Amino acid sequence: VATSSGALWKEHRTFSLNTLREFGFGKRSLETRIIEEIEVFVQEIQSKKGEPFNIHSLINVCISNIMCSITFGKRYDHDDKKFLSLLNSINQNLSNENVMFVATVLPFIRYIPGDPFRIKKVLRNVDKVENHLRQLVEEHEQIYDENNLRDYVDVFLKKMKSERNNPNTTFDEDQLLKIVGELFVAGTETTSTAIRWFCLFMIRHPEVQEKMRNEINDVIGTSRFPSLEDKQNLPYCEAVIHETLRIGTIAPLSVPHGLASDLKFNGFTIPKDALLIPNLYSVFFDEKIFPDPYDFKPERFLDEKGNLKNTDKVLAFSLGRRVCLGEALARMELFLFVTSLIQRFTLEAGDIKNIPSEKGTMGITYAPKDFVLKAVPT
Ligand code: HEM
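Since this is a predicted model, take the numbers as computed values, not measurements. (Residues numbered from 1 in each chain as written. Predicted model: local features only at pLDDT ≥ 70, side-chain atom pairs only at ≥ 80, totals over all residues. Heavy atoms only, no water.)

> Tell me about the overall build of the chain, residues and numbers included.
Helix and strand counts for the chain come out as twelve helices and eight strands. The C-alpha atoms of the chain give a radius of gyration of 22 Å, which matches the 21 Å a tight globule of 378 residues would have. The principal-axis extent of the C-alpha atoms belonging to the chain is close to 60 × 55 × 45 Å. For the chain, the exposed surface amounts to about 19,400 Å²; the carbon and sulfur share of it is 53%. Within the chain, one finds 48 positive and 52 negative side-chain charges whose respective centroids are separated by 3 Å. (Helix = DSSP H or I, 4+ residues; strand = E, 2+ residues; numbered from the N terminus. Rg over C-alpha atoms; globule rule 2.2 N^0.38 Å. Areas by Shrake-Rupley, 256 points an atom, 1.4 Å probe, with all protein chains shown as cover. Lys, Arg positive; Asp, Glu negative; His and termini not counted. Charge placed at Lys NZ, Arg CZ, Asp CG, Glu CD.)

Right, here's the structure in full:
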């Protein structure tokens, strides 16, 4: 979806969205699935007993499991070595994306003996992920039952079978592998990065955590997990999520777009086929929209009565026809994960002399540098 355009993009974006909606996007069934994953998340954190740990892999597995269950009807245990190694390969490639830009411009560098640019490593990682996904698709094909469509892959297989005699079909195994790979990667890395930014900002701003916890305690208490119905009653928590997406700037340059026709803009003509790189960063840090843009201030999204305002200015998922396909899922996950976390734990720096920096690293997303934290039960 993300890398295609024209008729192919339209057909597969519509198919993907409809199918993902069928499997719960924006529905209660998906909320229940997310909360089940949060229960595991909380148990894993409790098992650390307030000792310092790196939350990166824990968040990655939880978020990835949600995407895996929609796509393949499957989730993995947190100590599944094969799955952890797969997620690690994806992480390595995403944080190493710049290398692939260089290899695209200078393709010969991949033939240099040894692996000085780590390109062979990146390609080995791609193979590893593709082989894993291919195996999952093959397993689905073997037990496919058209009267019991369990997940995204089954619905795609049904469409493939119904289009078997259409010579122009775009529903084939290659396309299926591309899309599940994309959903798996885009659906894990982005949301997981947003939650890591959230943890980092909470360590740096204990007063914000405290306010969130007070609001959660007033509205929900501690006996049950937050649910999506609580969202409207937790404006401060929502404001913190918007501020996290703004300052975290997970996709500062969104995704490059190609121009389908000439475009006149501010007296310039930008020719058809030119590559446009949207600069979301310039909006998030525009002081006319967000005064003191470098300060973490959730209150900027609340009016004097405490109601949310200006949240539509945070274009974290971009906008227009190619707006992020996973926005609904990501917003559900973000709300449920961060409120459940703050309801049960106080987040502190793992090492008081080493408070994690707000300066991140740029790969395919803008992510925090790895850090350790303490999650002290409230
Ligand atoms: C906090 C989490 C997320 C952020 C910040 C984010 C951000 C973005 C952005 C900025 C784009 C580019 C839109 C454009 O081209 O104008 C995008 C596209 C996309 N995202 Fe996300 N995303 C997130 C979560 C997800 C999730 C959970 C999924 C999985 C379902 C997903 C799947 C996609 C896909 C498939 C596209 C390409 C859409 C198209 O080209 O039609 N994203 N996302």
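Read on for the rest.
> So what about the state of the cysteines? Which residues, and what values?
This structure, assessed with the given rule, holds zero disulfides. Left without a disulfide partner, C62 is nearest to the cysteine sulfur of C199, which lies 11 Å away. (Disulfide = S-S within 2.5 Å.)

> Quick one: what's the story with the coordination of the iron atom of the ligand, residue by residue and with numbers?
Octahedral metal centres with six donors ideally show angles of 90 or 180 degrees, and tetrahedral centres with four donors ideally show 109.5 degrees. For the iron atom of the ligand, the sole protein-derived donor is C324 (SG), lying 2.3 Å away. Inspection of the secondary structure assignment puts C324 in the loop between α11 (280-284) and α12 (327-344). (Donors = N, O, S within 2.8 Å, 3.2 Å for Na, K, Ca; no water.)

> Give me the lowdown on the pattern of salt bridges, citing residues and values where you can.
As enumerated under the stated definition, the model contains 16 salt bridges in all. Linking R204 and E358 is a salt bridge whose minimum nitrogen-to-oxygen distance equals 3.1 Å. With R204 in helix α8 (residues 173-204) and E358 in the loop between β5 (345-349) and β6 (361-362), the pair connects residues that are 154 residues apart, well separated along the chain. Overall, the relative accessible area of 25% leaves E358 in the partly exposed class. (Salt bridge = Lys/Arg side-chain N within 4 Å of Asp/Glu carboxyl O. Buried < 20%, exposed > 50% of the residue type's maximum accessible area, 1.4 Å probe, protein only.)

> Got a sec to walk through the UniProt feature "coiled-coil region" (unreviewed entry) in the chain? Specific residues and values, please.
As annotated by UniProt and renumbered to match this structure, "coiled-coil region" (unreviewed entry) occupies residues 119-146. Taken end to end, residues 119-146 comprises 86% helix and 0% strand; its first and last C-alpha atoms sit 41 Å apart. (UniProt positions renumbered as here; feature names shortened; annotations may be inferred.)

> How would you summarise the packing of α8 against helix α10 (residues 235-248) if you had to cite specific residues and measurements?
Orientation of α8 relative to α10, taken along the N-to-C sense of each, is 105°, at an axis distance of 9 Å. Taken together, the axes of α8 and α10 are roughly perpendicular relative to one another. Between α8 and α10, the contacting residues are A194, W197, F198, F201 and M202 on the first element and V240, T244, L245, I247 and G248 on the second. In the contact of α8 with α10, the residues fall into eight nonpolar, two polar and no charged. (Axes fitted to C-alpha atoms, helices over the stretch in contact; angles between N-to-C directions. Parallel < 35°, antiparallel > 145°, perpendicular 65-115°, else oblique. Contact = heavy atoms within 4.5 Å. Nonpolar A, V, L, I, M, F, W, Y, C, P; charged D, E, K, R; others polar.)

> Describe the side chain of T188, and please don't skip the residues or the numbers.
Structurally, T188 is set in helix α8. The class of T188 is buried, set by a relative accessible area of 5%. Sequence-distant contacts of T188, that is, excluding residues within four places in its chain, are made with N60, I63, S64 and L183.

> Describe helix α6 (residues 119-142), and please don't skip the residues or the numbers.
Side chains three or four residues apart in an α-helix point the same way, a direct result of the helix having 3.6 residues per turn. The terminal C-alpha atoms of α6 lie 35 Å apart, and with 24 residues this matches the ideal 34 Å at 1.5 Å per residue to within 8%. Every buried residue belonging to α6 is among I119, V122, N125, V129, H132, L133, L136, V137 and H140, and all of these are buried. (Expected span 1.5 Å × (residues − 1).)

> Break down the site of the ligand for me, with residues and values.
Lining the immediate environment of the ligand, one finds 24 residues, of which W9, R13, H257, R322 and C324 sit closest. Contact between the ligand and S318: an oxygen atom at 2.9 Å from a side-chain N or O atom of the residue. In the model, an oxygen atom of the ligand is placed 2.9 Å from a nitrogen or oxygen of the R322 side chain. For the shell around the ligand, the secondary-structure elements that each account for two or more residues are α1 (6-22) and α8. If you tally residues by element for the shell around the ligand, the top one is α8, at six residues. (Near = heavy atom within 4 Å. Polar contact = N/O pair within 3.5 Å; in protein donor to acceptor, adjacent residues only side chain to side chain.)

> Quick one: what's the story with the UniProt feature "binding site: heme" (unreviewed entry) in the chain, residue by residue and with numbers?
Per the UniProt record, the feature "binding site: heme" (unreviewed entry) sits at C324. Beyond its immediate stretch of four places on either side in the chain, C324 contacts R13 and F317.

> How would you sum up the pairing of β5? Please name residues and give values.
Of the two faces of β5, only the one carrying F345, L347 and A349 is buried; T346 and E348 on the other face are not. Bridging between β5 and strand β8 (residues 373-377) involves five bridges; their strand directions are antiparallel. From the neighbouring strand, F345 faces β8, where its bridge partner is P377. (Pairing = 2+ DSSP bridges.)

> Give a description of the packing of aromatic side chains that names residues and reports values.
How two aromatic rings sit relative to each other is given by the distance of their centres and the angle of their planes. If you walk through the whole model with that rule in mind, you get 14 aromatic pairs. Taking 4.9 Å as the distance between ring centres and 25° as the angle between the ring planes, the aromatic pair formed by F285 and Y294 counts as stacked. A residue is classified by how much of its surface remains accessible, and F285, at 12% relative accessible area, is buried. A network of ring pairs unites the aromatic residues F15, Y152, F156 and F171 as a single cluster. The residue whose ring lies beneath K159 is F171, and the NZ or CZ to ring-centre distance is 5.2 Å. The ring of Y144 carries K161 above its face, with NZ or CZ at 4.9 Å from the centroid. (Phe/Tyr/Trp six-rings, centres within 6.5 Å; stacked < 30°, edge-to-face > 60°. Lys NZ or Arg CZ within 6 Å of the ring centre and 35° of its normal.)

> Any details on α12? Residues and values, ideally.
Compared with an ideal rise of 1.5 Å per residue, which puts 18 residues at 26 Å, α12 spans 26 Å between its outermost C-alpha atoms and is within 8% of the ideal. With 15 of 18 residues buried, α12 lies mostly within the body of the structure.

> Break down the confidence of the model for the chain for me, citing the residues and quoting the values.
On average, the chain scores 91 in pLDDT, and the residues at 70 or more come to 97%. Confidence metrics for the complex model read pTM 0.92 and ipTM 0.99. (pLDDT = per-residue confidence, 0-100.)

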